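Descriptive analysis of the structure
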Amino acid sequence: MHQVLLLSILIFSFSPGLLAITEIGGDFGYDKQLYGTKNESSFVTRTYSGTVAIYFYNWTGIEFNYSNVENINTDNGVSEITEYNVEQISKQSRIRTEVWGVGIRQALADQGSFVKPMVSLGYAKQTDTYSSEATYEGISTGDRIVYRIPSERRKCDSVFAAFILQIKLIRGLSLKGSVKSIFPAFEFDKASDNLKYLAGFSWAF
């Protein structure tokens, strides 16, 4: 990642006609789905992300981004485990994904346009952290036991790709929506397997 960043800076630094416009953006996404016979269980996804884009030309710049996605699956359905004379009364699993990325952002309209579509593509370092716990209750005793599985972390090299649409509200401030994908490096056929739809704001100066 450091090599890609250094190369990008050198390419732009020694090029004529630089603009050096900086654009900062933030996005948030929240989704909650209920399931079970009485909707007693839930699947929640929270997404936070931020980007900094430095335009050295009118339509082209370097993008730095960070995102944090947390998926929480809480199952409150009761299931009996007769072998151990207990009931599982709840189970929760968490998957947290952090992504740091650097790449190229290409605007498809002039910086001053009322509606500005953009695309970006680059390298990302992805870290997934898994954890889970379950609560059991003795059928005859009523005693409760909480069993936790230690966190497991996995890192991998990935690629990010995004389409962003900005609508100018006032000078410098825009409302934006985006579709972003993170997928294993060079496995472009998996780009549609992990899509995030986000909304937020951006500020250019």
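Before reading on, note that the structure itself is shown above.
Now for a look at the structure at hand. Not measured: the values here are computed from a predicted model. (Residues numbered from 1 in each chain as written. Predicted model: local features only at pLDDT ≥ 70, side-chain atom pairs only at ≥ 80, totals over all residues. Heavy atoms only, no water.)

Tracing the backbone through its elements, the reader meets Trp203 in strand E9 (residues 195-204). Sequence separation of Trp203 and Arg144 is 59 residues, and the distance between their C-alpha atoms is 51 Å. Once residues lying within four places of it in the same chain are set aside, the contact partners of Trp203 are Thr22, Glu23, Ile24, Arg171, Gly172 and Leu173. (Helix = DSSP H or I, 4+ residues; strand = E, 2+ residues; numbered from the N terminus. Contact = heavy atoms within 4.5 Å.)

What follows deals with the nonpolar core. Grouped together as the largest cluster of nonpolar side chains are 6 residues: Ala53, Tyr55, Ala107, Met118, Ala162 and Ile164. Of all the secondary structure elements, the ones that give two or more residues to this core are strand E2 (41-55) and strand E7 (144-170). Setting aside chain neighbours within four positions, we find Ala162 in contact with Met118, Val119, Ser120, Val179 and Lys180. (Core = buried A, V, L, I, M, F, W, Y, C linked by side-chain atoms within 4.5 Å. Buried < 20%, exposed > 50% of the residue type's maximum accessible area, 1.4 Å probe, protein only.)

Here the focus is the pairing of E7. Regular strands place their side chains on alternate faces of the sheet. Bridge count between strand E6 (residues 115-138) and E7: 22 bridges; the pairing is antiparallel. In the strand pairing of E7, Thr127 is matched with Lys155. Of the pairings in the sheet, the one linking E7 to strand E8 (residues 173-184) comprises 12 bridges and is antiparallel in character. Bridge pairing in E8 places Gln166 opposite Lys176. (Pairing = 2+ DSSP bridges.)

Enumeration according to the criterion identifies 2 aromatic pairs in this entry. Between Phe28 and Tyr48, the aromatic rings sit 5.2 Å apart at their centres with planes inclined by 50 degrees, giving tilted as the arrangement. Here Phe28 is found in strand E1 (residues 21-35), whereas its partner Tyr48 is found in strand E2, with 20 residues between them in sequence. Taken together, a centroid distance of 4.5 Å and an interplanar angle of 50 degrees make the contact between Tyr66 and Trp100 tilted. Of this pair, Tyr66 sits in strand E3 (residues 60-75) while Trp100 sits in strand E5 (residues 86-107), placing them 34 residues apart in sequence. In this structure, Lys180 packs its charged tip against the face of Phe160, placed 5.3 Å from the ring centre. (Phe/Tyr/Trp six-rings, centres within 6.5 Å; stacked < 30°, edge-to-face > 60°. Lys NZ or Arg CZ within 6 Å of the ring centre and 35° of its normal.)

Positioned with a positive phi, Asn39 is a non-glycine residue whose angle comes to about 55 degrees. Its location among the elements puts Asn39 in the loop between E1 and E2. Phi angles above zero are rare outside glycine, and Asn85 is one such case at about 60 degrees. Within the secondary structure, Asn85 is located in the loop between strand E4 (79-81) and E5.

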